[in-house]
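# Tertiary structure, described
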Amino acid sequence: MNIVITGGASGLGEAITHKLAGEKDNKVIFTYSKSKAEAEVLEKKYINVRAIKCDFTIPVEVEALKGMFSIFDIDVLVNNAYTGGFLKTYFHKLDSADFLKDFINNIIPTVIINQEAINCFRKKKSGKIITILTSALLDVPPVGSSIYVANKAYLEELTKIWATENAKYNITSNSVSPSFMLTNLTSGMDERVIEQIIENHPLKKLLTVDEVADTVEYFTKSGTQINGVNIVLNSGIHLK
């Protein structure tokens, strides 16, 4: 399979790149924004991967990535990249411009990239879209996460549209909603808050990026009957 992973050089994206590049039959293109050193390490480790710089805040780089899809003959797109932080501040203290900025920097590039991917998939009458969401859409969202969670909610609805509009072309759109993980995105959280999350967790441990990568891999191998599915990785905390 020819796979594109956005934000595949660090954190969860790095784990996904490792997992999918580990299969020699896969050819993987992953993007990075600031993690150049990490990207070079991945390129040296795997002969079947290629790193592309794509900062979502730079439109020309998004267009360059988009232009590669037909050349690469893409089979799978993993929407993982997110620009900006996970936690900011209370909703009522945010400037409305902050919401617009994060929407432009995250949702619009994702829309552009997925439109091009779907155009390529429709021509070949097959393709898979896998989108990373968050279990905060089901659980109690963390204080200060309103912009991040709102953007993920927007993407959640888009994943459903992609699934329904493209099913007859053998194109699937599925998503993974991980619970809290220790990554660069969440590195700014207070250690006491993290300890409380662990204490409240049924398994008394945090989800790992490797567990999420396993789920992404499952979707890359699943058939077209599995479409419009969102797998929540939170040990069933949201169940009543």
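Details of the structure are given in the entry above.
Bear in mind that the values here come from a model prediction, so they are computed numbers and not experimental data.

## Examining the overall build of the protein
Helix and strand counts for the protein stand at seven helices and seven strands. In sequence order, the secondary structure elements of the protein are arranged as β-α-β-α-β-α-β-α-β-α-β-α-α-β. Here the C-alpha radius of gyration of the protein, 17 Å, is about what a compact globule of 240 residues would show, namely 18 Å. Its C-alpha atoms give the protein principal-axis dimensions of about 50 × 40 × 35 Å. Put simply, the protein has 240 residues, and 47% of those count as buried. Across the protein, contacts joining residues at least 24 apart in sequence account for 73% of those joining residues at least 6 apart. The positive charge centre, built from 26 side chains, and the negative charge centre, built from 27, are 4 Å apart in the protein.

## Brief notes about helix 7 (residues 209-221)
For helix 7, spanning 13 residues, the distance from its first C-alpha to its last is 19 Å, which sits close to the expected 18 Å at 1.5 Å a residue. Among all positions of helix 7, only Val212, Ala213, Thr215, Val216, Glu217, Phe219 and Thr220 are buried. The elements touched by buried residues of helix 7 are helix 1 (11-21), strand 4 (76-79), strand 5 (127-132), strand 6 (171-178) and strand 7 (230-233).

## Structural notes on the environment of Ala136
With respect to the secondary-structure elements, Ala136 resides in the loop between strand 5 and helix 5 (146-166). On the basis of relative accessible area, Ala136 is assigned to the buried category, the value being 9%. Along the chain, Ala136 and Ser177 lie 41 residues apart, while their C-alpha atoms are 8.1 Å from each other. With residues near it in sequence (within four places) discarded, Ala136 still touches Pro141, Pro142 and Val149.

## Here we look at the packing of helix 3 (residues 59-72) against helix 4 (residues 96-124)
With their axes 9 Å apart at the nearest point, helix 3 and helix 4 run at an angle of 15° to one another. Comparing the axis directions of helix 3 and helix 4 gives the class roughly parallel. Note that helix 3 runs across helix 4; the crossing there is right-handed. Each of Val62, Glu63, Leu65, Lys66, Phe69 and Ser70 in helix 3 lies in contact with helix 4, whose residues at this interface are Pro109, Ile112, Ile113, Glu116, Ala117 and Cys120.

## Some thoughts on the state of the cysteines
One pass over the structure, following the stated rule, counts zero disulfides. No disulfide involves Cys54; its nearest neighbouring cysteine sulfur is the one of Cys120, lying 15 Å away. Cys120 sits in the buried class, given a relative accessible area of 11%.

## Overview of unusual backbone geometry
At Lys125, a residue that is not glycine, the phi angle is positive and equals roughly 60°. Tracing the backbone shows Lys125 in the loop between helix 4 and strand 5. With a phi angle near 65°, Asn170 is a residue other than glycine that sits in the positive phi range. By the secondary structure assignment, Asn170 is in the loop between helix 5 and strand 6.

Definitions and cut-offs
- Residues numbered from 1 in each chain as written.
- Predicted model: local features only at pLDDT ≥ 70, side-chain atom pairs only at ≥ 80, totals over all residues.
- Heavy atoms only, no water.
- Helix = DSSP H or I, 4+ residues; strand = E, 2+ residues; numbered from the N terminus.
- Rg over C-alpha atoms; globule rule 2.2 N^0.38 Å.
- Buried < 20%, exposed > 50% of the residue type's maximum accessible area, 1.4 Å probe, protein only.
- Contact = heavy atoms within 4.5 Å.
- Lys, Arg positive; Asp, Glu negative; His and termini not counted.
- Charge placed at Lys NZ, Arg CZ, Asp CG, Glu CD.
- Expected span 1.5 Å × (residues − 1).
- Axes fitted to C-alpha atoms, helices over the stretch in contact; angles between N-to-C directions.
- Parallel < 35°, antiparallel > 145°, perpendicular 65-115°, else oblique.
- Left-handed = near helix turned anticlockwise from the far one by under 90°.
- Disulfide = S-S within 2.5 Å.

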